[in-house]
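These are the residues of each chain, in order.
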Amino acid sequence: MYGNTGEILLVDLSSETLERKKVPEEYYHNYIGGAGLAARLFWDWGDFKAQPLDPGSLLIFMNGPFAGIRLSGCSRGSVAGRSPLTGHWGDSSCGGHFAPELRFAGFDGIVIRGQSHRPCAIVIEPENLRILPADEWWGLGVFETTSRIRAKFGKRAKSLAIGQAGENLVDYACIVNDNHHAFGRAGYGAVMGSKRLKAIIVKSFEQNYHAADPEGLDQLRRSIDLKIRESVTSQVLHENGTAANLEGGVHTGDVPIKNFRSSFWEEMAEALTGSTLSEKYLKNKAACAFCKIACKRVVEINEGPFAIPKGPGPEYETIAAFGSMLGSMDLAATCKAGRLCNDYGMDTITAGSTIAWAMEAFEKSALTLEDTNGLPLKWGDMKTVVDILLPQIAFRNGKLGGLLSLGSHKASLQINKGSGEYLTTSKGLEAPMHDPRGGGHGLALTYSISHRGACHTANPMLFMEMGACYYPEIGFEYELEPMSEENKAESALLAVQLGAIENSSCYCQFADREITIPEWVDLFNFSAGYNWTIENMMSAGLRVFYLQRLLNFRFGLTADDDSISMRLLEPAVDGAPEGVPVEFDSMKKRFYQLARLDEIKGIPDRATLDSLGMSVEASYVWN
Amino acid sequence: MKITIIPVGSVKTFMNETIVNVPAGISYEDILKSLKLPKSLRTIALVNNKRPNAKQVIHDGDELKIVSLIMGG
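Remember, it's a predicted structure, so these values are computed and weren't measured experimentally.

Rules of the game
Residues numbered from 1 in each chain as written. Chains lettered and ligands numbered in written order. Predicted model: local features only at pLDDT ≥ 70, side-chain atom pairs only at ≥ 80, totals over all residues. Helix = DSSP H or I, 4+ residues; strand = E, 2+ residues; numbered from the N terminus. Rg over C-alpha atoms; globule rule 2.2 N^0.38 Å. Buried ≥ 20, exposed ≤ 12 C-beta atoms within 10 Å, placed from the backbone. Contact = placed C-beta atoms within 7 Å. Pairing = 2+ DSSP bridges. Axes fitted to C-alpha atoms, helices over the stretch in contact; angles between N-to-C directions. Nonpolar A, V, L, I, M, F, W, Y, C, P; charged D, E, K, R; others polar. Domains from an automatic or database assignment. Core = buried A, V, L, I, M, F, W, Y, C linked by C-beta atoms within 7 Å. Expected span 1.5 Å × (residues − 1). Parallel < 35°, antiparallel > 145°, perpendicular 65-115°, else oblique. Left-handed = near helix turned anticlockwise from the far one by under 90°. pLDDT = per-residue confidence, 0-100.

## A few points about the overall build of chain A
Consideration 1: Looking only at helices and strands, chain A has 26 helices and 17 strands in total.
Consideration 2: A globule of 623 residues ought to have a C-alpha radius of gyration of about 25 Å, and chain A, at 22 Å, matches this closely.
Consideration 3: Considering chain A as a whole, with its 623 residues, one finds that 63% of them fall into the buried category.
Consideration 4: Here the analysis covers contacts within chain A between residues at least 6 apart in sequence; of these, 72% occur between residues at least 24 apart.

Pasting the structure below:
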């Protein structure tokens, strides 16, 4: 086998066994790798009755075929399983250094089931696979855990670790690679915590990647890397990070303010934007493995209430979630909040959004001082967020910490009192920091049809609406108007296929904007030897999209769940999108027709599944 | 007539805020073309902080913001 190794590591933490297992070669051709292959393996091996935190649940880490190629953007990996935050199928991706190292160690993925009787860590070294006790790391944050891992296994070892939030089963706990990169969304840190799995350590001896056409791949890799390095987008991201254009986003109405209640705050735009972060706190730029963009920030704040030592800095999502969303323009506070979330191991999007929901609930008396143990929740009060709320959530301390550790959706169901009106979710997942009303109406559609819930990385719709993509070979030649429904359903159908390809090959959405459709096909063929045409590749993307929907159907979701909070649809009250309605229902109806989705069940019809070679899967859902 | 052109976000890398004289009846799209920004830099325009119509005419004293569309994740 080329590119992929064809083997995964199957771990049962209950019986403390590790087993090398071959994956059928056709699975790679049909489901690509990463998120797609994880969905396929769960379909075969998963227990649909097991709750996310039950010992019987599966936690699946999966590489794409490109991990290990010395090319910008292709060092990401996926984690997947039944989400503790949403209760249904989900996945999350992460850059950094773990995925290539896992490939170099001989594995395409790790499938974990069971529950250890004590805290443990999985260690993967060639010919030396083992489960170690990790009692001495239990209770530590991610930074100290990673530091001890490096002391024990050497600096070349790459790790995934959870912090206290994962141990305490916070529903949006994340998994952190080397302190700086996170499988952020949907709560897989809590699944690790439930299995008493503190860390996974991988260390290879040599960096071998066995390409189907090494010469062709090398030529293609150099040419793509040059385009990526020279693009305006890459240069902007390199200089000022992923928040480089936060200021621009405020002017278009893309950046949410105070729980998506406002769409324009000019003073905040300059205070929080990436160039301000560079000027005030940036110490170094950092990169994922083999990436020339280096959009990661390393920051230091020397004084003030939010002083932090030199270390990982915030991404755009973190800055907006702990800045504009909470009515704050204190950039230092966003850095401190992000740093705490990295150490506790918590998703910053859900954490910030849940706190924003709580602030609005408190303002409108759905939450009272009795609920908060006497703590007033006020917009912009970042001292309270940093010093009290985040620690309370991570340790599930007190009534309020326990409530907010559930995420906003379940917290709202718990308190009721009309607090559902303040949600900004789809399928129980908090929306990212891109407001569909200003960022692009197509986002409302793609948030709602995403298998894991409101998500901007499930597919490239955000980039398609802003004009960063042009794919004439597959019919995407539109110049979309963000604040309109025109051609959005048609674009979304391409977006879900491209998103499945991106997340199954585990390619970074910033870097891959420079890759043309023919180059995508060549990448798969030269690396993994899939021998695809464009049609084969797009069909694989569609197959993955459909399989993820079938999984969710088996978890009980239907067409009605392809919905989104009203807050994200109601006309904006200010800024560029003021008063412009989002025609959600008509976009969804059109998308359902184009994607041949049943309007009740929300899954593709039998003939469509048959045409993609999914007749067996169809028989589970169309009896 | 005089208008103010304000670069926002990443557009600042390519131009500074400027007050320019433009002929009466000019559309914002014509002004955008005259700025000769890199083709790969996708931008949108706001006239007095609102999205203009396709052929909206600019008036004396208007504020034209050029906003880049590179979004973070």
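## Here's the deal with the overall build of chain B
Consideration 1: When you go through chain B residue by residue, the secondary structure sums to one helix and four strands.
Consideration 2: Of the regular secondary structure in chain B, the N- to C-terminal order runs β-β-α-β-β.
Consideration 3: By the compact-globule yardstick of 11 Å for 73 residues, chain B fits well, its C-alpha radius of gyration being 12 Å.
Consideration 4: Taken along the three principal axes of its C-alpha coordinates, chain B extends 40 × 25 × 20 Å.
Consideration 5: Taking all 73 residues of chain B together, the buried fraction comes to 29%.
Consideration 6: Put simply, 56% of the contacts in chain B that link residues at least 6 apart link residues at least 24 apart.

## Points about the environment of A:I603
Consideration 1: Along the chain, A:I603 turns up in the loop between α24 (584-594) and α25 (606-611).
Consideration 2: The spacing of A:I603 and A:L550 is 53 residues in sequence and 6.4 Å in space, taken between C-alpha atoms.

## Description of the sheet that holds strand β6 (residues 109-113) of chain A
Sheet strands pair via backbone hydrogen bonds, and the direction of the pair is either parallel or antiparallel.
Residues and elements named next belong to chain A.
Consideration 1: If you walk across this open sheet you meet the six strands as β2-β1-β6-β3-β4-β5, and the pairing is mixed. Each end of this open sheet is capped by a strand with a single partner; those strands are β2 (17-22) and β5 (89-94). Going across the sheet, the axis of each strand differs from the next one's by a mean of 20°, ignoring polarity.

## Things to note about the interface of chain A and chain B
Consideration 1: Contacts between chain A and chain B engage 29 residues on the former and 20 residues on the latter.
Consideration 2: For the side of chain A that touches chain B, the secondary-structure elements that each account for two or more residues are α8 (232-240), α9 (246-252) and α12 (316-321) of chain A.
Consideration 3: Broken down by element, the side of chain A that touches chain B gets its largest block of residues, six residues, from α9(A).
Consideration 4: Of the residues that constitute the side of chain A that touches chain B, the class distribution is twelve nonpolar, 13 polar and four charged.

## Overview of the domain arrangement of chain A
Residue and element names in this part refer to chain A.
Consideration 1: Split by domain assignment, chain A resolves into domain 1 (7-202), domain 2 (241-422) and domain 3 (440-621).
Consideration 2: At the junction of the two partners, domain 2 supplies ten residues and domain 3 supplies ten residues.
Consideration 3: The class makeup of the residues in the side of domain 2 that touches domain 3 is five nonpolar, five polar and no charged.

## Re the nonpolar core
All names here are of chain A.
Consideration 1: Counting 219 residues, the largest nonpolar core has I60, I175, M346 and L390 as its most contacted members.
Consideration 2: Ranked by the residues each element gives to this core, the list is headed by helix α23 (residues 534-554), at eleven residues.
Consideration 3: Setting aside its immediate chain neighbours within four residues, I60 contacts A38, L41, F42, V79, A80, G81, G109 and V111.

## Section: unusual backbone geometry
When glycine is set aside, most residues are seen to have a negative phi, and most peptide bonds are trans.
All names here are of chain A.
Consideration 1: The backbone of A186 shows a phi angle near 80°, a positive value even though the residue is not glycine.
Consideration 2: Positionally, A186 belongs in the loop between β11 (181-183) and α6 (188-194).
Consideration 3: Classification of A186 by C-beta neighbours within 10 Å gives buried; the count is 33.
Consideration 4: Positioned with a positive phi, N487 is a non-glycine residue whose angle comes to about 65°.
Consideration 5: Tracing the chain through its elements places N487 in the loop between α20 (461-465) and α21 (488-505).
Consideration 6: For N487, a count of 16 C-beta atoms within 10 Å puts it in the partly exposed group.

## Points about the sheet that holds strand β3 (residues 43-47) of chain B
Residue and element names in this part refer to chain B.
Consideration 1: Reading across from one edge, β2-β1-β4-β3 is the order of the four strands in this open sheet, with mixed pairing throughout. Where the open sheet ends on each side, the last strands, each with one partner, are β2 (18-21) and β3. Taking each pair of neighbouring strands and ignoring which way they run, the sheet shows an average axis angle of 25°.
Consideration 2: Relative to strand β4 (residues 63-68), β3 runs antiparallel, the two sharing five bridges. Directly across from I44, in β4, lies its bridge partner V67.

## Thoughts on α23(A)
Quick reminder: α-helices carry 3.6 residues per turn. Residues three or four places apart thus point the same way.
Residues and elements named next belong to chain A.
Consideration 1: A rise of 1.5 Å per residue sets the reference length of α23, with its 21 residues, at 30 Å; its end C-alpha atoms lie 31 Å apart and thus fit the reference within 8%.
Consideration 2: In terms of burial, α23 is largely enclosed, as 16 of its 21 residues are buried.
Consideration 3: Positive backbone phi, approximately 105°, marks G556, located one or two places after α23.

## A few points about the packing of helix α19 (residues 441-449) of chain A against α24(A)
All names here are of chain A.
Consideration 1: It is the contact of α19 with α24, at a shortest axis distance of 9 Å, that shows an interaxial angle of 60°. Taken together, the axes of α19 and α24 are oblique relative to one another. The interaxial crossing formed by α19 with α24 has right-handed handedness. Facing A444, L445, S448 and I449 of α19, the residues of α24 in contact are F584, M587, K588 and F591.
Consideration 2: In terms of residue class, the contact of α19 with α24 is built from six nonpolar, one polar and one charged.

## Quick notes on the pairing of strand β4 (residues 77-82) of chain A
Residues and elements named next belong to chain A.
Consideration 1: A large share of β4 lies buried, amounting to six of its six residues.
Consideration 2: Where strand β3 (residues 59-63) meets β4, four bridges bridge the pair, whose relative direction is antiparallel. When the bridges of β4 are listed, N63 appears paired with G77.
Consideration 3: The antiparallel hairpin formed by β4 and β5 contains six residues in its connecting segment, where G87 sits at a positive phi of about 85°.

## Things to note about α21(A)
Residue and element names in this part refer to chain A.
Consideration 1: Between the first and last C-alpha of α21 there are 25 Å, a value that for 18 residues agrees with the 26 Å anticipated at 1.5 Å per step.
Consideration 2: For α21, a buried count of 17 out of 18 residues is recorded, marking the element as mostly surrounded by other parts of the structure.
Consideration 3: Just downstream of α21, C506 is the residue with a positive phi angle, here 60°.

## A look at the pairing of β4(B)
All names here are of chain B.
Consideration 1: In terms of burial, β4 is largely enclosed, as five of its six residues are buried.
Consideration 2: Here strand β1 (residues 2-8) pairs with β4 via five bridges, running parallel. The residue of β4 that forms the bridge with I5 is L64.

## Considerations on the confidence of the model for chain B
Residue and element names in this part refer to chain B.
Consideration 1: This prediction gives chain B a mean pLDDT of 86; 93% of its residues lie at or above 70.
Consideration 2: Here helix α1 (residues 28-35) stands out as the element of chain B with the lowest mean pLDDT, 86, in contrast to β1, whose mean of 94 is the highest.
Consideration 3: We note a pTM of 0.97 for the whole complex and an ipTM of 0.86 for its interfaces.

## A look at the environment of A:Y530
All names here are of chain A.
Consideration 1: Mapped onto the elements of the fold, Y530 is located in the loop between α22 (517-528) and α23.
Consideration 2: As a C-alpha pair, Y530 and Y344 span 186 residues in sequence and 41 Å in three-dimensional space.
Consideration 3: Sequence-distant contacts of Y530, that is, excluding residues within four places in its chain, are made with H29, F524 and N525.

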